[in-house]
Amino acid sequence: MTQNMTIVEDVNTLMEDRKFSAVRKLLEELYPVDVAAVFSELDPRFTGPVFRLLSKETAAEAFSYMDADVQHQVIQALSDTELKQVLDEMYLDDTVDMLEELPAGIVKRILKVSSPDARGQINRLLCYQEGCAGSIMTTEFIDLKRGMTVSQAFDRIRRVGVEMETIYNCYVTDRNRCLVGVVTVRELLLNPYEARVEDLMEDHVIRVHTGDDQEQIAALFQKYDMLALPVVDSEERLVGIITIDDAVDVIQEENTEDFEKMAALSPSEEPYLKTSVWVHARKRIGWLLVLMFTAAITGGILNQFEDAIAAVPLLVSFIPMLMDTGGNCGSQSATLIIRGMALGEIRLRDVARVFFKEFRISLLVGGTLALLNGLRIWIFYHNPLIALTVAVSLLLTVVIAKSIGCMLPMAARRCGLDPALMASPLITTVVDTCSILVYFLLASKILGL
């Protein structure tokens, strides 16, 4: 970050002094993603002039990495001809991602300057529902025919490959454009020129359909260590591919969404600093209200045991420890189960195994905590009945917390909800209520209150 700020300062100074060749030389030494970072901090007066100093290839790639507001600035600074040159160098999936975040007026201008073929493909990709395979795929891929020789395949790769996002995986289709196989450039390189593609291709192709969920697609990339994944329509015709860079973006997006839900936040697509205070407040207040009113149940339970508290005031001092321990235990279990389900390690049919495992863990953890706390209270307060009450309450609290922590996420998945919703805040609130109820019921029995 410090290095980027230094470069930004140098570029601003050089532009002030009109040393354009020095700016071009400085930016040529950077990777496109770093060039994009420079533009995010650059003086807006120089956005257009500096962008024009870049080579066509660097400009297009850096443009795809820029934030939507910076892209907006660049587009406004460019003429229609310059904008068309940038779009012609960009991959279609990057163009579609950009259009989804720009104002309607800018989108209209971009579609206007795009070629008829590109405009048709962009419109088709924009029609797919957000979050599905069709919305993140690119239509730029190498397709071969099974009857081709290796020599013919290389001729086609040389002819069209420069416009494709990746050429390592080549997909074999029949006369109806149905996907029948895949062959890598490595296989082609290691075989004679007269060898036929159909003899080299792998005909068992892992594929996804245009309507498949992007989270499931990211899991396939992770499971099979793939570089690209073909996308077919309902008739098994090849319509596009999803590349690993798009899969990484999906994984990051899904993880961010899960983290926000686990913290009782409504997911947001905007960066933290670029989201207004009002939007932040609106996305937080809903869950906080739910949790606040849910927590009021705990207060109601405490009111029911006012006589017990008045008779033995010492009981109150152990409430925070019981509630915190229960909440922490429940959160531990929930986090592991949610992550396990996200990675495909835990399925709904594993519910009995999960519950039995967490139950045994809770007995070990709860028994250890109960024993240590019971001894501590006996030593410090010389009251074996209170020590017994707290120890048994703690054991039951841990058992209940871990049971709730593992079952709620799986119940959410069974109901078609995101398991991340059943995370720390909600589980903590539920466990707090249960732990207080168990604690005072046991105190009433053991202490005779």
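Every chain is numbered independently, its residues counted from 1 as its sequence is written. The model is predicted, so local features are restricted to residues of pLDDT at least 70 and side-chain atom pairs to those at 80 or more, both for listing and for counting; the totals for chains, interfaces and linings are taken over all residues. Excluded from the side-chain calculation are hydrogens and water; included are all heavy atoms of the structure.

> Where do I start with the packing of helix H3 (residues 32-41) against helix H5 (residues 56-65) in this structure?
Helix-helix packing is characterised by the crossing angle of the two axes and by the distance between the axes. Axis definition: a line fitted to C-alpha atoms, limited for helices to the stretch in contact. Angles are taken between N-to-C directions and run from 0 to 180 degrees. Secondary structure elements follow DSSP: runs of H or I no shorter than four residues count as helices, runs of E no shorter than two count as strands, and numbering proceeds from the N terminus. Where H3 meets H5, the closest approach of the two axes is 8 Å, and the angle between their N-to-C directions is 65°. Judged by the twist between their axes, the crossing of H3 over H5 is right-handed. Between H3, through Pro 32, Val 33, Val 35 and Ala 36, and H5, the contact on the second element is made entirely by Thr 58, Glu 61, Ala 62 and Tyr 65. In the scheme used here, Gly and all other residues not listed as nonpolar or charged are polar, with Ala, Val, Leu, Ile, Met, Phe, Trp, Tyr, Cys and Pro taken as nonpolar and Asp, Glu, Lys and Arg as charged. Taken together, the residues that form the contact of H3 with H5 break down as 6 nonpolar, 1 polar and 1 charged. Put simply, a crossing is left-handed when the front helix is turned counterclockwise from the back one by less than a right angle, and right-handed when it is turned clockwise. Any two residues having at least one pair of non-hydrogen atoms within 4.5 Å are treated as being in contact.

> Is there a simple way to explain the packing of helix H20 (residues 351-381) against helix H21 (residues 384-414) in this structure?
Orientation of H20 relative to H21, taken along the N-to-C sense of each, is 155°, at an axis distance of 8 Å. Classified by the angle between their axes, H20 and H21 sit roughly antiparallel to one another. Here H20 runs over H21; the crossing is right-handed. The class makeup of the residues in the contact of H20 with H21 is 23 nonpolar, 6 polar and 2 charged. In this scheme, roughly parallel covers angles under 35 degrees and roughly antiparallel covers those over 145, while 65 to 115 is roughly perpendicular and the rest are oblique.

> Explain the pairing of strand E1 (residues 142-145) here, please?
Each regular strand displays side chains that alternate between the two surfaces of the sheet. Burial status follows relative accessibility: with a 1.4 Å probe on protein chains alone, a residue under 20% of its type maximum counts as buried, one over 50% as exposed, and anything between as partly exposed. The alternating pattern of E1 places Ile 142 and Leu 144 on a buried face and Asp 143 and Lys 145 on a face that is not buried. Looking at chain direction, E1 and strand E2 (residues 169-173) are connected through 4 bridges and run parallel. Each bridged residue has a counterpart across the sheet, and for Lys 145 the counterpart in E2 is Thr 173. In the classification by handedness, the crossover that spans E1, the intervening helix H12 (residues 150-160) and the parallel E2 is right-handed. Strands are treated as partners if at least two bridges between them are detected by DSSP. With the strands pointing away from the viewer, any crossover whose connection runs clockwise from the first strand over the helix to the second is right-handed.

> Sorry if this is basic, but what is going on with the layout of surface pockets here?
Any space left empty among the atoms is revealed by the rolling of a water-sized probe across them. In the cavity and pocket records, a cavity denotes points on a 1 Å grid over the protein atoms alone where a 1.4 Å probe fits but cannot get out, a pocket denotes an open set with protein on both sides within 12 Å along at least 5 of 7 lines, and lining residues are residues with an atom within 4 Å of a point. Grid points are joined across faces, edges and corners, and a volume is the space filled by probe spheres set on the points. Within this model, the second largest pocket holds a volume of roughly 850 Å³. Lining the second largest pocket we find 27 residues, and of these Glu 215, Ala 219, Met 341, Ala 342 and Gly 344 sit closest to its centre. No other element matches the 7 residues that helix H15 (residues 214-224) contributes to the lining of the second largest pocket. Taken together, the residues that form the lining of the second largest pocket break down as 13 nonpolar, 5 polar and 9 charged.

> Where do I start with the packing of aromatic side chains in this structure?
Aromatic ring pairs are described here by two measures, namely the spacing of the ring centres and the angle between the planes. Stacked, edge-to-face and tilted labels apply to pairs of Phe, Tyr and Trp rings (six-membered ring for Trp) whose centres lie within 6.5 Å, assigned for plane angles under 30 degrees, over 60, and everything in between, in that order. Following the criterion strictly, the structure yields 7 aromatic pairs and no others. Arranged with centres 6.4 Å apart and planes meeting at 20°, the rings of Phe 355 and Phe 359 form a pair that is stacked. Within this pair, Phe 355 and its partner Phe 359 are both found in helix H20, separated by 4 residues, close to a single helical turn. Residue classification places Phe 355 among the partly exposed positions, given a relative accessible area of 36%. The partly exposed category is assigned to Phe 359, whose relative accessible area is 31%. On the basis of an interplanar angle of 55° and a centroid distance of 5.1 Å, the ring pair of Tyr 439 and Phe 440 is categorised as tilted. Judged by its relative accessible area of 0%, Tyr 439 falls in the buried class. Its relative accessible area of 0% is what places Phe 440 among the buried residues.

> How do you make sense of H21 when you look at a structure like this?
The α-helix winds at 3.6 residues per turn, so residues separated by three or four positions along the chain end up facing the same way. In this scheme, a helix's expected span is set at 1.5 Å multiplied by one less than its residue total. Here H21 contains 31 residues, and its C-alpha end-to-end distance of 44 Å stays within 8% of the 45 Å for a straight helix at 1.5 Å per residue. Directly beyond the C-terminal end of H21, a positive phi value near 85° is found at Gly 416.

> Mind showing me how you'd approach the sheet that holds strand E5 (residues 228-232) here?
Adjacent strands of a sheet form backbone hydrogen bonds with each other and so pair up, either parallel or antiparallel. As summarised here, the arrangement of the 3 strands in space is E4-E5-E6, forming an open sheet in which the pairing is mixed. Single-partner strands in this sheet number two, and they are strand E4 (208-209) and strand E6 (238-243). Here H15 sits on the sheet and contacts E4, E5 and E6; the angle it forms with E5, its principal contact strand, is near 140°.

> Explain the sheet that holds E1 here, please?
Taken in spatial order, the 3 strands make up an open sheet running E1-E2-E3, and their pairing is mixed. Here the strands that pair on one side only, and so sit at the sheet edges, are E1 and strand E3 (179-184). Sheet twist, expressed as the average angle between the axes of neighbouring strands with direction ignored, equals 35°. Where E2 meets E3, 5 bridges bridge the pair, whose relative direction is antiparallel. Residue pairing for E3: Asn 169 is matched across the bridge by Thr 184. Packing against the sheet, H12 makes contact with E1 and E2, and its axis sits at approximately 155° to E1.

> For this particular structure, what's the right way to read the side chain of Gln 214?
Checked against the element boundaries, Gln 214 lands in helix H15. The buried category is assigned to Gln 214, whose relative accessible area is 5%. Not counting the four nearest positions on each side in its chain, Gln 214 is found in contact with Gly 131, Cys 132, Ile 136, Val 250, Glu 253 and Glu 254.

> Looking at this model, I keep getting lost on the nonpolar core. Mind explaining?
One broad rule of soluble globular proteins: the nonpolar side chains tend to lie buried together. We define a nonpolar core as any set of buried Ala, Val, Leu, Ile, Met, Phe, Trp, Tyr and Cys residues linked to one another through side-chain atoms lying within 4.5 Å. By size, the foremost hydrophobic cluster in this structure holds 59 residues, and its most contacted members are Val 11, Phe 39, Val 50, Phe 51, Phe 63, Ile 110 and Ile 242. Those residues within four positions of Phe 51 in sequence are excluded, and the remaining contacts are Phe 39, Ala 59, Phe 63, Met 66, Val 74, Leu 78 and Val 86. With 25 residues, the next largest nonpolar core counts Val 312, Phe 318, Val 390 and Tyr 439 among its residues.

> Help me understand helix H10 (residues 116-126) in this model?
Buried residues of H10: Ala 118, Gln 121, Ile 122 and Leu 125, and no others. All buried residues of H10 project into a common sector of 100° when viewed along the axis, lining one side. The arc in question is the one spanned by the directions pointing from the helix axis to the C-beta atoms.

> Looking at this model, I keep getting lost on the pattern of salt bridges. Mind explaining?
Pairing between side chains of opposite charge can happen when their charged atoms approach one another. For this document, the term salt bridge refers to a Lys or Arg side-chain nitrogen within 4 Å of an Asp or Glu carboxyl oxygen. Under the defined criterion, the tally for this structure stands at 13 salt bridges. A salt bridge links Glu 82 to Arg 52, with the shortest nitrogen-to-oxygen separation between them at 2.8 Å. Of this pair, Glu 82 sits in helix H7 (residues 80-89) while Arg 52 sits in helix H4 (residues 47-53), and the two are 30 residues apart along the sequence. With a relative accessible area of 24%, Glu 82 lands in the partly exposed category. For Arg 52, a relative accessible area of 41% gives the class partly exposed. When the shortest N-O distance is used, the salt bridge between Arg 158 and Asp 155 registers 3.4 Å. Of the two residues, Arg 158 and Asp 155 are both situated in helix H12; the distance of 3 residues between them amounts to about one turn of the helix. Judged by its relative accessible area of 57%, Arg 158 falls in the exposed class.

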